[in-house]
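An overview of the molecular structure
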Amino acid sequence: MAQEVRAPLAGNVLEILVEAGARVAEDDDLLIIEALKMENPIAAPCSGTVSEIRVKKGDKVAEDTLLMIIS
């Protein structure tokens, strides 16, 4: 079952730490969103394989934006 990874806050995608096809464990950092001059790591909600990355470095995202899909 696919699990969506959504932005918990609005900000800029500072860095993407994984690639599509990468295996991740629950709580692994997937990407970093910069908000209010703070770096906020976004962790994997489950173990699995990153099947899609919907954002790129430098993108501005709103709260609840779909960032990645883990299957």
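Scroll up a little and you will see the structure.
Here the structure is a predicted model, which is why all the values come from computation and not from measurement.

1. Regarding unusual backbone geometry
One non-glycine residue, Asp-27, lies in positive phi territory at about 80°. The phi dihedral of Asp-64 is positive, around 75°, even though this residue is not glycine. If you trace the backbone, Asp-64 turns up in the loop between β7 (60–61) and β8 (66–70). With a relative accessible area of 47%, Asp-64 lands in the partly exposed category.

2. A short note on the sheet that holds strand β1 (residues 3–6)
With respect to topology, 4 strands assemble into an open sheet ordered β1-β8-β6-β3, the strand pairing being antiparallel. Strands with a single pairing partner mark the edges of an open sheet, and in this sheet they are β1 and β3 (23–24). In the sheet, strand β6 (residues 48–53) pairs with β8 via 3 bridges, with the strands oriented antiparallel. Counted as the bridge partner of Val-50 is Ile-70 from β8.

The rules we used
Residues numbered from 1 in each chain as written. Predicted model: local features only at pLDDT ≥ 70, side-chain atom pairs only at ≥ 80, totals over all residues. Heavy atoms only, no water. Helix = DSSP H or I, 4+ residues; strand = E, 2+ residues; numbered from the N terminus. Buried < 20%, exposed > 50% of the residue type's maximum accessible area, 1.4 Å probe, protein only. Pairing = 2+ DSSP bridges.

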